[in-house]
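The lines below spell out each chain.
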Amino acid sequence: MITAHEVQLVTRPDGAPRTTDFRVAEVRVPDPGPGQVLVRNTWLSIDPYIRLMLNDSKSAVFPPFALNGPIDGAAVGEVVAGDAVPVGATVTHFRGWREYSVLDAGDVRVLDVDGVPPQAHLSVFGTTGLTAYAVLTDVTPVRPGDTVFISAAAGAVGSVAGQLARKLGAARVIGSAGGPAKVRTLVEDLGYDVGIDYRADDLARALADAAPDGLDLYVDHVGGDQLDAALTVLKPRGRVALVGAITGYNEATPTLSTRNLFAAVEKELTLRGMQVTSYFDRLPEYVELASPWLRDGSFRVPETVLEGIHAVPEAFVGVLGGANTGKMLVRL
Ligand code: NAP
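The protein is annotated in an unreviewed UniProt entry as Enoyl reductase (ER) domain-containing protein of Saccharothrix australiensis.

Another point: the site of the ligand. Taken together, 28 residues lie near the ligand, and Lys-182, Tyr-198, Tyr-249, Val-276 and Asn-324 sit nearest. Interatomic distance of 2.6 Å between a side-chain N/O atom of Asn-324 and an oxygen atom of the ligand. Calculation on the ligand without its partners gives an accessible area of 900 Å², and the protein chains cover 89% of this total. For the shell around the ligand, the elements supplying multiple residues, two or more each, are helix H2 (156-167) and helix H8 (312-321). Split into classes, the residues belonging to the shell around the ligand amount to 15 nonpolar, eleven polar and two charged. Split by domain, the residues of the shell around the ligand number at least three in each of domain 1 (2-122 + 301-331) and domain 2 (127-277).

As a packed pair, helix H1 (residues 127-139) and H2 sit with axes 8 Å apart at the nearest point and diverge in direction by 45 degrees. With respect to each other, H1 and H2 are oriented oblique. Relative to H2, the crossing made by H1 is right-handed. The residues of H2 that touch H1, namely those facing Thr-128, Gly-129, Thr-131, Ala-132, Tyr-133 and Leu-136, are Ala-156, Val-157, Val-160, Ala-161, Leu-164 and Ala-165. Of the residues in the contact of H1 with H2, the class split is nine nonpolar, three polar and no charged.

Counting residues in each nonpolar core, the largest one holds 39 residues, and the members touching the most others are Leu-136, Ile-150, Leu-164, Val-219, Met-274 and Tyr-286. Elements represented by at least two residues in this core include exactly H1, strand S8 (147-150), H2, strand S9 (172-177), strand S11 (215-220) and helix H7 (283-295). Among the elements that line this core, the one with the most residues is H1, at seven residues. Apart from residues lying up to four places away in sequence, Ile-150 is in contact with Gly-158, Ala-161, Gly-162, Val-173, Ile-174, Gly-175, Ser-176, Tyr-192, Val-219 and His-221.

A few words now on the domain arrangement of the protein. For the protein, the assigned domains read domain 1 (2-122 + 301-331) and domain 2 (127-277). One C-alpha centre belongs to domain 1, the other to domain 2; they are set 28 Å apart. Taken over both partners, the interface formed by domain 1 and domain 2 buries close to 1300 Å², and the fraction arising from carbon and sulfur atoms is 55%. Considering only the side of domain 1, the residues that lose the most area to domain 2 are Leu-52, Pro-302 and Thr-325, jointly responsible for 26% of the buried surface there. Our count for the contact surface shared by domain 1 and domain 2 stands at zero salt bridges. Connecting domain 1 to domain 2 are six residue pairs in polar contact (both at pLDDT 80 or more).

The next thing to look at is unusual backbone geometry. Residues other than glycine seldom take positive phi values, yet Asn-68 does so here, at roughly 65 degrees. With respect to the secondary-structure elements, Asn-68 resides in the loop between strand S3 (36-45) and strand S4 (75-82). With relative accessibility at 44%, the residue Asn-68 sits in the partly exposed group. Despite not being glycine, Trp-97 has its phi angle at roughly 60 degrees, a positive value. Note that Trp-97 resides in the loop between strand S5 (90-93) and strand S6 (100-104).

Bringing the packing of aromatic side chains into the picture now. Across all of its chains, the model carries eight aromatic pairs by this definition. Centroid distance Phe-22 to Phe-316: 5.7 Å. Interplanar angle 85 degrees. Geometry classified as edge-to-face. You can see Phe-22 sitting in strand S2 (residues 22-29) and its partner Phe-316 sitting in helix H8, a full 294 residues away along the chain. Here Phe-22 matches Phe-316 in class, with each residue buried. Ring geometry for Tyr-49 versus Phe-62: centroids 6.5 Å apart, planes at 35 degrees, classification tilted. Taken together, the positions of Tyr-49 in the loop between S3 and S4 and Phe-62 in the loop between S3 and S4 put the pair 13 residues apart, joining distant regions of the chain. Phe-62 sits in the buried class, given a relative accessible area of 18%. The structure contains a cluster of three or more aromatic residues connected by ring pairs, namely Phe-22, Trp-97 and Phe-316.

On to the side chain of Thr-147. Relative to the helices and strands, Thr-147 is located in strand S8. Residue Thr-147 is classed as buried on the basis of its relative accessible area, which comes to 12%. Apart from the residues within four sequence positions on either side, Thr-147 is in contact with Arg-172, Ile-174, Ala-211, Gly-214, Leu-215, Asp-216 and Leu-217.

Right, let's get into the pattern of salt bridges. A full pass over the atoms with the stated rule returns 17 salt bridges. Between Asp-72 and Arg-95 there is a salt bridge, with the nearest N and O atoms lying 3.5 Å from each other. Residue Asp-72 is located in the loop between S3 and S4, and its partner Arg-95 is located in the loop between S5 and S6; the two are separated by 23 residues in the primary sequence. The class of Asp-72 is partly exposed, set by a relative accessible area of 23%. A salt bridge links Asp-138 to Arg-272; the nearest nitrogen and oxygen atoms lie 3.8 Å apart. Taken together, the residues Asp-138 in helix H1 and Arg-272 in strand S13 (residues 270-273) connect sequence positions 134 residues apart. Members of the salt-bridge network, linked through shared partners, are Glu-6, Asp-72, Arg-95 and Arg-98.

Procedures and definitions
- Residues numbered from 1 in each chain as written.
- Predicted model: local features only at pLDDT ≥ 70, side-chain atom pairs only at ≥ 80, totals over all residues.
- Heavy atoms only, no water.
- Near = heavy atom within 4 Å.
- Polar contact = N/O pair within 3.5 Å; in protein donor to acceptor, adjacent residues only side chain to side chain.
- Areas by Shrake-Rupley, 256 points an atom, 1.4 Å probe, with all protein chains shown as cover.
- Helix = DSSP H or I, 4+ residues; strand = E, 2+ residues; numbered from the N terminus.
- Nonpolar A, V, L, I, M, F, W, Y, C, P; charged D, E, K, R; others polar.
- Domains from an automatic or database assignment.
- Axes fitted to C-alpha atoms, helices over the stretch in contact; angles between N-to-C directions.
- Parallel < 35°, antiparallel > 145°, perpendicular 65-115°, else oblique.
- Left-handed = near helix turned anticlockwise from the far one by under 90°.
- Contact = heavy atoms within 4.5 Å.
- Core = buried A, V, L, I, M, F, W, Y, C linked by side-chain atoms within 4.5 Å.
- Buried < 20%, exposed > 50% of the residue type's maximum accessible area, 1.4 Å probe, protein only.
- Buried area = accessible area lost by both parts, 1.4 Å probe.
- Salt bridge = Lys/Arg side-chain N within 4 Å of Asp/Glu carboxyl O.
- Phe/Tyr/Trp six-rings, centres within 6.5 Å; stacked < 30°, edge-to-face > 60°.

Given below as structure tokens:
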């Protein structure tokens, strides 16, 4: 038995979370039993959906974490003990936000880290990249020649989605992000044709200027004003993937906050929600498709990395507030 740190929920946030809503506690880590593994976590994934699980909600998709209990997020680590998976194997699992995890062998996935940094399995080759792939190939497939708009475009999913939309045939890819530095990154590093600063620009006007013939597809990560602007600029029979609604995550009941949904009636739009968990079986096909792009450098994978378990609360508050470019990660 060893002692190690884990992140626990102390207070359910009322509105935007603060670092003091969490504690980093020292706990005893049990030895792995038969069929189990002990994993020393090396990378933790910091994701906005965790905010939904801090509420005392009845959601079956985002069930609440217990007060004074640990938070579980995705992680990558190394097997250090147990009889079920070879010691030394690099694995991923969903019992992170702690230094060590004891897991049933069925709850870890052994990773091939040959030529790929292990943390890529939390970003471009993890649920982040898979979300973008599922959206653009199944939920609202991108078609050759499409004009595509993506919000939270400099974030984890958005940075993959913009590049993937282009690879899959989009003619024009427009992204929005908060602040001039991120907007520059969109255009200079991530292959977007146009970057819109949603905080500074007149959003609907900037979007109409960027897509003078209208939008074919909007990948919505935020809801609110950006969804309203996209609904205005979408072409008749345009498509919207409802992927996230971060503008509403700090409310007791998350909402898309749109005032303009009647545009969907007028223009016969298709709006389709998604959960990446429905697409886990498509991860291998996506990794096979994207691997050559990663190897030849044509696919950029930006990361924002904080160090050590004590940085997790700051990283989490940061990802909700836009402190990240690309994937928000904590390295242990
Ligand atoms: P992310 O984009 O890396 O980080 C969140 C970003 O949201 C921040 O960096 C910030 O960027 C932006 N943001 C925060 N508050 C905002 C606001 N009020 N208005 C506009 N933008 C705001 O996170 P991610 O992991 O890639 O996730 C992006 C979205 O997709 C989230 O809504 C997430 O819940 C959703 N998602 C859904 C699924 C699914 O299965 N449905 C899977 C993965 C992710 P700026 O600096 O640009 O504001």
